[in-house]
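Descriptive structure summary
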Amino acid sequence: MRTGIFKFPAKAKTRLYLVACAGAATATGVSFHAFNPNSPSLSYDSFLRSSIFPEKILTVSHGVIRSSRAIYTIACTVVDYKYSLYGLPIDSYEYLQKLSEVHSRSAKRIQNLCEANKGFYVKAGQFVVSLRQVPKEYSSTLSSLQDQTAPCDFKAIKKVLISNLGQDLSEIFLSLDEQPIAAASIAQVHRGTLKDQQEVAIKVQYPGLENQMKLDTSIMSFLSKCIEWFFPEYRFEWLVSEFVETISLELDFIQEAKNSERTAKNFKSNDMVWVPYIFWELTTRQVLTMEFCRGCKVDDVEFLKEMGINPIKVARALVEVYAEMIFIHGFVHGDPHPGNILVSPEGRYGFSLVLLDHGIYKQLDEGFRLDYCELWKALILLDSKKIQQLGECFGVGKYARYFPLIFTGRTIDSKSPLGRGMSSDEKRNLKQELRSLQMEDISSFMESLPPEFLIILRTDGLLRSILRKLGASQRVRLLAYAKCALYGLSLRSNPQSDFPVKAALSRLKTNISYLHLRLVLVLDLLSWMKKIRRLLYTLTERMSVIFAATSSSILKGA
C-alpha cells in the first residue's frame, strides 16, 4: 500500500502542510460573547458548556440564541435596504452608489453572524462566496470565513470516537494526537498511528450536528421566505435548498468514503491523481479514517517554486482532472477549494495531486452531461444558434445569451479572440444591456437552471480562483474543457461495446474535432497578435515622424 509519506528538502519542511481529507481552509469562527460582545475572555457557548444544565436544555438554549441572532441580523439588513434605497430611481447613479454601500454593511453583518453562530452558518457563508453570481461586496467580505479555525475540545472528540468505534482507543491506535491538524465547520482531523505502524488521518464529526442542522436550515429557509416577502424580486429559496442538500451529503462520512473510492477508481490509470486509502473497519457516519498524506495546498505558489514544481503545470493538471470529472465521468467533486487539494512532490511527472474531502459530489444526469458537452463545443466556436437551442434544453430560455459571458468572458455576439476578454465597445454595450436587467431576471435565471448546473458553476468558480493564483491564463482552462467536452461527446456511441472499426472511427472523429477547436483558438491568438504587431508598427511610425520633426527643429535652431 502506498503510504503517502514524502520527503522534502530541509528548507521546505518549515512550510509543509500536514493536511488530510478535510480542508484546513474551511473553519468554524469565533464565539458570540453574551455578557460583553467585545470581551475575548468568556463566550456564551463556553459558559453553557461549562454549566450544570442538562444536555437537552443546552441544545434548546443554544438553538434559541443562534436563531435569535440570525433573525435580528436579517431584520436589520432588510430595514437597511428598505430605508437606504427608498425613493431612489433604480437606474440612477445615486441608487447604484447607495446599493453598494448597503451591500457592504449587510455583508459585514452576515460575516459577524457567521462568526458568532459558527458551524453551518460559516459553511453557508463559504457556500455563498463560491457563487460568482453574488455581489462583489459579499464575496470579498465573506471570503475571510475560508480561513478561520476553532477546533473542538478533544474530550468531546474522544467521546465521538469511542461511541462510534466501540472500543478503547488504545486497542486501535499506537498513538493519537490530541491537537488537530485541520479544523473545518463540521469536523476536524487528527493524526494517528495504527498498531501496524500505518499513519492515518481521522476525520471526526462534531457532536450534535444533525439536530443543529435541522434547526439552522429551518431558520435559513424561514428567513429566505421573509426576504422574499419584503423583496419579491429577491428569491433565495433555490440557494437554501441547494445548501441543505450539500450539507446533508457532508454529514454522512460513509457516503464520503464511497465517493472517495469511486473517484480513485475513475482515475486509477491517471498517475497524476492520488486519493487516500479508506480504512473501512474504522469508518462510520461520524468518523472517517484514511491514509495520511503530506503535501502543500495547491495554490501555495511560493512553496511549489521552492520544490521546483512549475505552478502552470500544476494548473494545467488540475483543470484537466476536473474537466474529466465533469465532461467524461459525470461525477463531480463540488468543493475544490485549495484546502481540499494538495500537491505532493512524488509522482511520475515530478508531482501529483492529492484529492481530499469527498463529501460533496454530484452525479450528472447523462442527458445533462451530453448537453453540457455540446454547450462547451458551441461556446468555443461561438455558435450562437446552438447556444440558444441548448438554453431551451436547460430551461433558461432567453438567458442563454449570457452563457458565453459566464463561462468564457465574451458576449454572444463577440468578435474578440477567445480567452482575451472583450473590446472596449463590447464592454460598453454589455454594461448598457446589464443595466436593463433587474434582480427579478437574476432570480428567474438561477431558479430555472437544472440542479446539476449549480454545482458546476460553484466548481468552475473555485477552479478559476485557483488558476488565477497559480498564474495560469484562461486559455489553459478553455483548452482542457474543449478537449474533455469532445471526448465526453464521443462516449455517446459507447466505443467499448461497438465494433473495432466503428470505435476507431469514433476516436478519429473526436481527434479531428479537437484539432478543429485548437485551430480556432490558435487562429484567435494569431489574430490578436497580428493586431498588436500592427499597433506597435503604427506607434513606431508615429514616433519616427515626431523624432524626425524634433531633430529638424533642433538643427535649424543651431
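Given the structure is predicted, the values throughout are model-derived calculations rather than measurements.

1. Details of the packing of helix H13 (residues 366-381) against helix H19 (residues 474-490)
- Taken N-terminus to C-terminus, the directions of H13 and H19 make an angle of 135 degrees; their axes are 9 Å apart at the nearest point. Compared by their axis directions, H13 and H19 come out oblique. The two elements H13 and H19 cross, and the hand of that crossing is left-handed. Of H19, the residues touching H13 (which contributes Arg369, Leu370, Cys373, Glu374, Trp376, Lys377 and Ile380) are Arg477, Leu478, Tyr481, Ala482, Ala485, Leu486, Gly488 and Leu489.

2. Considering the nonpolar core
- Counting residues in each nonpolar core, the largest one holds 72 residues, and the members touching the most others are Phe327, Tyr372, Leu375, Trp376, Phe403, Phe407 and Phe453.
- When residues of this core are assigned to their parent elements, the largest contribution, eleven residues, is made by helix H12 (residues 311-329).
- Residues within four places of Tyr372 in sequence aside, it is in contact with Ile326, Phe327, Phe394, Phe407, Phe453 and Ile456.
- Residues Tyr121, Ile172, Ala182 and Phe279 belong to the second largest nonpolar core, which totals 64 residues.

3. Structural notes on the pairing of strand S4 (residues 199-205)
- Most of S4 is tucked away, with seven of its seven residues classed as buried.
- Direction of pairing for strand S3 (residues 187-194) relative to S4: antiparallel, over a ladder of seven bridges. From the neighbouring strand, Gly192 faces S4, where its bridge partner is Val200.
- Between S3 and the antiparallel strand that follows it, S4, lie four residues; Gln197 among them carries a positive phi value of about 75 degrees.

4. Things to note about the confidence of the model for the protein
- Mean pLDDT over the protein works out to 78, with 73% of the residues at or above the 70 mark.
- Mean pLDDT values for the elements of the protein range from 40 in helix H1 (residues 10-13) up to 97 in strand S6 (residues 287-291).
- Per-residue pLDDT stays below 50 along residues 525-530; that stretch engages in four contacts with residues further than four places along the chain or on separate chains.

5. Points about the packing of H13 against helix H14 (residues 384-394)
- It is at 9 Å that the axes of H13 and H14 come closest, and there the two elements cross at 155 degrees. In terms of axis orientation, H13 runs roughly antiparallel to H14. Crossing hand, H13 versus H14: left-handed. Along the contact surface, H13 presents Phe368, Asp371, Tyr372, Glu374, Leu375, Ala378 and Leu379, while H14 presents Lys386, Ile387, Leu390, Cys393 and Phe394.
- Taken together, the residues of the contact of H13 with H14 sort by class into nine nonpolar, no polar and three charged.

6. Looking at the sheet that holds strand S9 (residues 341-344)
- What the four strands build is an open sheet, ordered S5-S10-S9-S7; its pairing is mixed. The outermost strands of the open sheet, each flanked by one partner alone, are strand S5 (273-274) and strand S7 (296-297).
- Bridge count for S5 against strand S10 (residues 352-355) is two bridges, and the pairing is parallel. Looking at S10, one finds that Trp274 is bridged to Val354.

7. So, the pattern of salt bridges
- Per the counting criterion, the structure on display carries 15 salt bridges.
- The network of salt bridges with common partners includes Asp80, Arg105 and Arg109.

8. Digging into the environment of Leu370
- Tracing the backbone through its elements, the reader meets Leu370 in helix H13.
- Overall, Leu370 belongs to the buried group, its relative accessible area being 11%.
- In this structure the C-alpha to C-alpha distance between Leu370 and Leu489, which are 119 residues apart in sequence, comes to 6.1 Å.

9. Points about the side chain of Asn259
- The residue Asn259 is located in helix H10 (residues 253-266) in this model.
- Among the residues examined, Asn259 registers a relative accessible area of 6% and is labelled buried.

10. Some remarks on the environment of Lys362
- The residue Lys362 is located in strand S11 (residues 361-363) in this model.
- Separated by 30 residues in the primary sequence, Lys362 and Val332 have C-alpha atoms spaced 5.2 Å apart.
- Excluding anything up to four places from it in sequence, Lys362 contacts Glu245, Gly330, Phe331, Val332, Pro451, Glu452 and Ile455.

Scoring rules and cut-offs
- Residues numbered from 1 in each chain as written.
- Predicted model: local features only at pLDDT ≥ 70, side-chain atom pairs only at ≥ 80, totals over all residues.
- Heavy atoms only, no water.
- Axes fitted to C-alpha atoms, helices over the stretch in contact; angles between N-to-C directions.
- Helix = DSSP H or I, 4+ residues; strand = E, 2+ residues; numbered from the N terminus.
- Parallel < 35°, antiparallel > 145°, perpendicular 65-115°, else oblique.
- Left-handed = near helix turned anticlockwise from the far one by under 90°.
- Contact = heavy atoms within 4.5 Å.
- Core = buried A, V, L, I, M, F, W, Y, C linked by side-chain atoms within 4.5 Å.
- Buried < 20%, exposed > 50% of the residue type's maximum accessible area, 1.4 Å probe, protein only.
- Pairing = 2+ DSSP bridges.
- pLDDT = per-residue confidence, 0-100.
- Nonpolar A, V, L, I, M, F, W, Y, C, P; charged D, E, K, R; others polar.
- Salt bridge = Lys/Arg side-chain N within 4 Å of Asp/Glu carboxyl O.

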